[in-house]
Amino acid sequence: MLALMAVSKRGDTIAIEAPTYFGVLHTLEVLGLKALELPTHPTHGVNIAALARVLDTGPVAACVLSSTFNNPLGSAMVEADKRALLALLARRAVPLIEDDVYGDIHFGRERPKPFIALDGGANTIYCSSFSKTLAPGYRVGWIAPGAYTQRVMERKLAFSLCNPILPQIAITDFLANGAYDAHLRRLRRLLEENISRMTRAIEESFPSDTKVSRPAGGFMIWVELPRRFDSRALFDAALEQGICFAPGDVFSASRRFRNCLRLSAGSEWSDRIEDGVRRLGLLSRNLIAGSTSLA
Ligand SMILES: Cc1ncc(COP(=O)(O)O)c(C=O)c1O
């Protein structure tokens, strides 16, 4: 919110990933900004050629990306692509707002470098938090606004002066005694295991032509069903059985991806969760069978 306010004004256009985290869409809406959706590959992330075409067509005030790892896709841009994207944005003087909340939850050996490590912050505003690695309720995050520091500080002061101190002291203690690294190693292993268990449950229970993402980090799974599938109808039916998930269209400003859904593998694995996923699979098969028999 602060980063967007520092680089744009009401009515401006902001380039975003599609699909993207619905919180970004909500913020754009509240600030009166227009979303311009960039095609985003489930493995490789944003399509740079598409971004170049977009920048040729009209003014873009900023680009907001969560490229390691996208929520909901779990995709990650490789370093060469990140460098190419940074070069393109720098040539056009379009600032990049980087949302790196999932960066520490990588399944590969090395933590992928964030954009800010590649351009030294020349054109990047970096945002992250402990919401995904420790707890969302602490509300402790950080921003490295580079050239926009003054503007961001003015807006932060106007909104809330500063954040509560006690959670910050608690986290500082945790970081200082070295526990965070050990915690992250354990968390990555657990989440990767959750993802593979959930993927197996999906593959065994959903319709056979279902596609499942292979996240490189984070804890989200993106499930794509045939075009005609309605994840909103599935949502209503699932909720009646006490099962919740995010329907695909909430990740798009233009309400695309209605045939997709996002499942979170962030909770501790249990028979209850496995049963919920399998029942979701059964409901999906029933919905598809119902819609074909009605057609
Ligand atoms: C991509 C992304 N950015 C930001 C957030 C919210 O982070 P915070 O709790 O630090 O506001 C989320 C939470 O789901 C997210 O998925």
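Rules and cut-offs
Residues numbered from 1 in each chain as written. Predicted model: local features only at pLDDT ≥ 70, side-chain atom pairs only at ≥ 80, totals over all residues. Heavy atoms only, no water. Near = heavy atom within 4 Å. Polar contact = N/O pair within 3.5 Å; in protein donor to acceptor, adjacent residues only side chain to side chain. Areas by Shrake-Rupley, 256 points an atom, 1.4 Å probe, with all protein chains shown as cover. Nonpolar A, V, L, I, M, F, W, Y, C, P; charged D, E, K, R; others polar. Disulfide = S-S within 2.5 Å. Buried < 20%, exposed > 50% of the residue type's maximum accessible area, 1.4 Å probe, protein only. Helix = DSSP H or I, 4+ residues; strand = E, 2+ residues; numbered from the N terminus. Patch = residues over 30% accessible without salt bridge, like charges linked within 9 Å, V, L, I, M, F, W, Y side chains within 5 Å. Salt bridge = Lys/Arg side-chain N within 4 Å of Asp/Glu carboxyl O. Pairing = 2+ DSSP bridges. Core = buried A, V, L, I, M, F, W, Y, C linked by side-chain atoms within 4.5 Å. Domains from an automatic or database assignment. Contact = heavy atoms within 4.5 Å. Buried area = accessible area lost by both parts, 1.4 Å probe.

Draft legend 1. Here's a closer look at the site of the ligand. The immediate surroundings of the ligand are formed by Y21, S66, N71, D99, V101, Y102, S129, S131, K132 and R139. S129 has a polar side-chain atom sitting 2.7 Å from an oxygen atom of the ligand. Interatomic distance of 2.8 Å between a side-chain N/O atom of R139 and an oxygen atom of the ligand. Contact with the protein chains removes 79% of the 400 Å² of surface that the ligand exposes when unbound. Classifying every residue of the shell around the ligand gives 3 nonpolar, 4 polar and 3 charged.

Draft legend 2. Inspection of the state of the cysteines at higher detail. Taken as a whole, this structure holds 0 disulfides when the rule is applied. In this model C63 remains outside any disulfide bridge; the closest cysteine sulfur is found in C127, 13 Å from its own. You can call C63 buried: its relative accessible area is 1%. With no disulfide of its own, C260 has C244 as its nearest cysteine by sulfur position, at a separation of 17 Å.

Draft legend 3. Seen up close, unusual backbone geometry. Cis geometry marks the peptide bond from A18 to P19; its omega dihedral reads 5 degrees. Relative to the assigned elements, P19 resides in the loop between β1 (13-18) and α2 (22-30). Cis geometry marks the peptide bond from N71 to P72; its omega dihedral reads 25 degrees. You can see P72 is positioned in the loop between β4 (62-65) and α4 (79-91). The phi dihedral of R139 is positive, around 55 degrees, even though this residue is not glycine. Within the fold, R139 resides in the loop between β6 (124-129) and β7 (141-144). A positive phi angle is found at L161, which is not glycine, with a value near 60 degrees. Here L161 shows up in the loop between α6 (149-160) and α7 (165-176). L161 sits in the exposed class, given a relative accessible area of 61%.

Draft legend 4. Region of interest: a nonpolar patch on the surface. Taken together, M1, V30 and F159 make up a surface patch of nonpolar side chains, about 310 Å² in accessible area. Mapped onto the elements of the fold, F159 is located in helix α6.

Draft legend 5. A look at the sheet that holds strand β3 (residues 45-46). With respect to topology, 7 strands assemble into an open sheet ordered β3-β2-β1-β4-β5-β6-β7, the strand pairing being mixed. Because the sheet does not close on itself, it has two edges, and the strands there are β3 and β7.

Draft legend 6. How the structure looks around the nonpolar core. I202, L261 and L280 are the most contacted members of the largest nonpolar core, which has 38 residues in total. Within the residue set of this core, elements represented by two or more residues are α8 (179-205), β9 (220-224), α9 (231-240), β11 (260-264) and α10 (271-294). Among the elements that take part in this core, α8 stands out by supplying 8 residues, more than any other. Shared between two domains, this core takes at least three residues from each, and those domains are domain 1 (2-174) and domain 2 (188-294). Filtering out sequence-adjacent residues up to four positions away, L280 remains in contact with F206, L234, A238, I243, F245, L261 and L263.

Draft legend 7. Inspection of the environment of Y180 at higher detail. Along the polypeptide, Y180 turns up in helix α8. By relative accessible area, which is 10% here, Y180 ends up buried. Sequence separation between Y180 and T133 is 47 residues, and the spatial gap between their C-alpha atoms is 9.1 Å. For Y180, the contacting residues outside a window of four places in its chain are D104, F130, T133, L134, F174 and L175.

Draft legend 8. Region of interest: the domain arrangement of the protein. Annotation of the protein at the domain level lists domain 1 (2-174) and domain 2 (188-294). In this structure, domain 1 and domain 2 have C-alpha centres spaced 26 Å apart. In this assembly, 21 residues from domain 1 lie in contact with 21 residues from domain 2. With both chains or domains summed, domain 1 and domain 2 bury close to 1,900 Å², and 64% of this area falls on carbon and sulfur atoms. On the domain 1 side of the contact with domain 2, E37, P72 and F107 bury the most area, a combined 34% of that side's loss. Residue E37 pairs with R256 through a salt bridge whose shortest N-O separation is 3.9 Å.

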